[in-house]
Amino acid sequence: MKYYSTNRQSPELSFKEAVIKGLPLDKGLFFPERVPELPPSFFEALPDMELPELAFQVLKEFTAPDIAADQLRAICNEVFTFPIPLVKVEKGIYSLELFHGPTCAFKDVGARFMSRCLQAFATKGKPVTVLVATSGDTGSAVANGFLGVENIEVVILYPKGGVSEIQEMQFTTLGQNIRAVAVEGTFDDCQSLVKQAFSDPELAKEMQLSSANSINVARWLPQMVYYFYAWGQWKKLEHTRPAEELTISVPSGNFGNLAAGLIARKMGLPITYFIAATNRNKVVPDYLESGVYSPVPSVATIANAMDVGSPNNFPRIQEMFGNNLEAIQQVVKGFWADDEEVKAAIKETEAKDDYVLDPHGAIAYLALKKYLPALHTTGIFLETAHPAKFKQSIDEILGGDIALPEQLQAFLNRPKQSASIKNDFTMLSDLLKEQNKVNA
Ligand SMILES: *Cc1c(COP(=O)(O)O)cnc(C)c1O
């Protein structure tokens, strides 16, 4: 498969090149030259397929020929190991729990898949240093996804004092090939240090730098898999319904997850509607209503992994629909909720259905409550994180003491290790060079 830039000013690249580059030179996004359609026989077999086999079938054309078939099978067997249960919350509403991975958030899927791809590409050359800035969740998913992967060093920059206790533990206690660096500055400062590093000719000469942010095709595409899997499980539970009577509601920030669902639909997955569910950072719901796309600075909310004012994957969705607003509107419905509505939903669903939502999933749940009566379908909302990841908020809302799942408990008693630098590029550059010498 070849990948072109949505801005069309950069050359087409192979999967391998697109993964290593991350972003085309013209600042567009990589997009597959064609989206393969899966045959009816695939959808007949789907409900009984094991997750790794399903992943292999869905992804094989996107990664060929750079990743050989047996290699992709091995990667899928390693990546898709945790369960993704579809849980009935109330009549006609299901939760797809994407939080049973090592960091209890859906980003584990993409981060693990990308790490295995990069490893496959790195073994023959010099070691790769993955540099990533995080405001919390990306750092933990990337650190755990790349942990122990040979020939890859990971350096995570985070704002000192700017991430939650649980988040910090998830990327500062791992050791091995994971290095955490606290920056005396904000998340934006971390991000601009990363950008500077990528454009620094001296570093480029000395080491092979790569990024692992959410626009990388190797993080983006594997997210398709769980939409297929969800439909298969839903089909078993709702076998008397027509195959397409389904709406999937996606809690969205940078819109990589929703863009992956829409690619799955393009491959033939019979999902009639998607909902773009956001918090008060509602650029996309506003666009779907008014046709005007105007990114703005983000505002802080209780669903903080979705505090994005300028969603960086949205051009992929426009690309899929040929930049036609009406075409997007026919498939994608917009929804947003504020913190008070989220808190009320978490409280009510716990009382009524005995189900604890996390703040992100709660927004997608509310979106289904609004739309399902008019759409005449059943609905699945994606539960993108375990509610205990937001323990403080959840305990306040429910007046309880939510238990941490095993995966998160495991981080509690390990010593934190992190370097500390000023918001200064020379300090970062020295640290990277020194690390590179140690590994050479
Ligand atoms: C990253 C994240 C999102 C947003 O996903 P996008 O693909 O950026 O739209 C939603 N919920 C949680 C818990 C997240 O960590």
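Residues numbered from 1 in each chain as written. Predicted model: local features only at pLDDT ≥ 70, side-chain atom pairs only at ≥ 80, totals over all residues. Heavy atoms only, no water.

A.B. asks: Residues and numbers for the overall build of the chain, please.
C.D. replies: When you go through the chain residue by residue, the secondary structure sums to 20 helices and 14 strands. Taking 2.2 N^0.38 as the reference for a compact globule, 440 residues should give roughly 22 Å; the C-alpha atoms of the chain span a radius of gyration of 21 Å, in line with that estimate. Taking the principal axes of its C-alpha atoms as reference, the chain extends roughly 60 × 50 × 40 Å. Buried residues in the chain amount to 59% of all 440 residues. Here the analysis covers contacts within the chain between residues at least 6 apart in sequence; of these, 74% occur between residues at least 24 apart. When the accessible surface of the chain is split by element, carbon and sulfur atoms take 49% of a total near 18000 Å². (Helix = DSSP H or I, 4+ residues; strand = E, 2+ residues; numbered from the N terminus. Rg over C-alpha atoms; globule rule 2.2 N^0.38 Å. Buried < 20%, exposed > 50% of the residue type's maximum accessible area, 1.4 Å probe, protein only. Contact = heavy atoms within 4.5 Å. Areas by Shrake-Rupley, 256 points an atom, 1.4 Å probe, with all protein chains shown as cover.)

A.B. asks: Lay out the site of the ligand in plain terms, naming residues and giving numbers.
C.D. replies: In the region of the ligand, 15 residues are neighbours, and K107, G253, N254, F255 and T384 sit closest. The backbone of G253 places a nitrogen or oxygen atom 2.8 Å from an oxygen atom of the ligand. Between the ligand and F255, the relevant distance is 2.8 Å, taken from an oxygen atom to a main-chain nitrogen or oxygen of the residue. Class assignment of the residues belonging to the shell around the ligand gives a composition of six nonpolar, seven polar and two charged. (Near = heavy atom within 4 Å. Polar contact = N/O pair within 3.5 Å; in protein donor to acceptor, adjacent residues only side chain to side chain. Nonpolar A, V, L, I, M, F, W, Y, C, P; charged D, E, K, R; others polar.)

A.B. asks: Just give me the short version of the side chain of S115, but keep the residues and values in it.
C.D. replies: Relative to the assigned elements, S115 resides in helix α5 (residues 107-122). Side chain to side chain, S115 and R116 meet in a polar contact 2.8 Å long. For S115, the side chain forms a polar contact with the main-chain oxygen of G145, separated by 2.8 Å.

A.B. asks: Describe the pattern of salt bridges, listing the residues and the values that go with them.
C.D. replies: Per the stated rule, a full pass over the model turns up 19 salt bridges. One salt bridge connects R241 with E245, and the closest N-O pair in it is separated by 2.8 Å. Among the ionic pairs, K391 bridges to D395, the shortest N-O distance being 2.8 Å. With K391 and D395 both in helix α18 (residues 391-398) and four residues apart, the pair spans about one turn of that helix. Through salt bridges with shared partners, a single network forms among E90, K352, D353 and K369. (Salt bridge = Lys/Arg side-chain N within 4 Å of Asp/Glu carboxyl O.)

A.B. asks: Kindly report on the packing of helix α11 (residues 224-237) against helix α12 (residues 256-266), identifying the contributing residues and their values.
C.D. replies: Closest axis-to-axis distance for the α11/α12 pair is 8 Å, and the angle between their directions is 60°. As summarised for this structure, α11 and α12 are arranged oblique, according to the angle between their axes. Between α11 and α12 lies a crossing whose hand is right-handed. Of the residues in α12, those touching α11 at M224, Y226, Y227 and F228 are N257, L258, A260, G261, I263 and A264. Here the residues of the contact of α11 with α12 are counted per class, giving eight nonpolar, two polar and no charged. (Axes fitted to C-alpha atoms, helices over the stretch in contact; angles between N-to-C directions. Parallel < 35°, antiparallel > 145°, perpendicular 65-115°, else oblique. Left-handed = near helix turned anticlockwise from the far one by under 90°.)

A.B. asks: Let's hear about the environment of G28: which residues, and what values?
C.D. replies: By secondary structure assignment, the location of G28 is in the loop between α1 (15-21) and β3 (30-32). Of the residues examined, G28 reaches a relative accessible area of 3% and is grouped as buried. C-alpha of G28 to C-alpha of R8: the two residues are 20 residues apart in sequence and 7.7 Å apart in space.

Shape descriptors only; they carry no functional weight alone.
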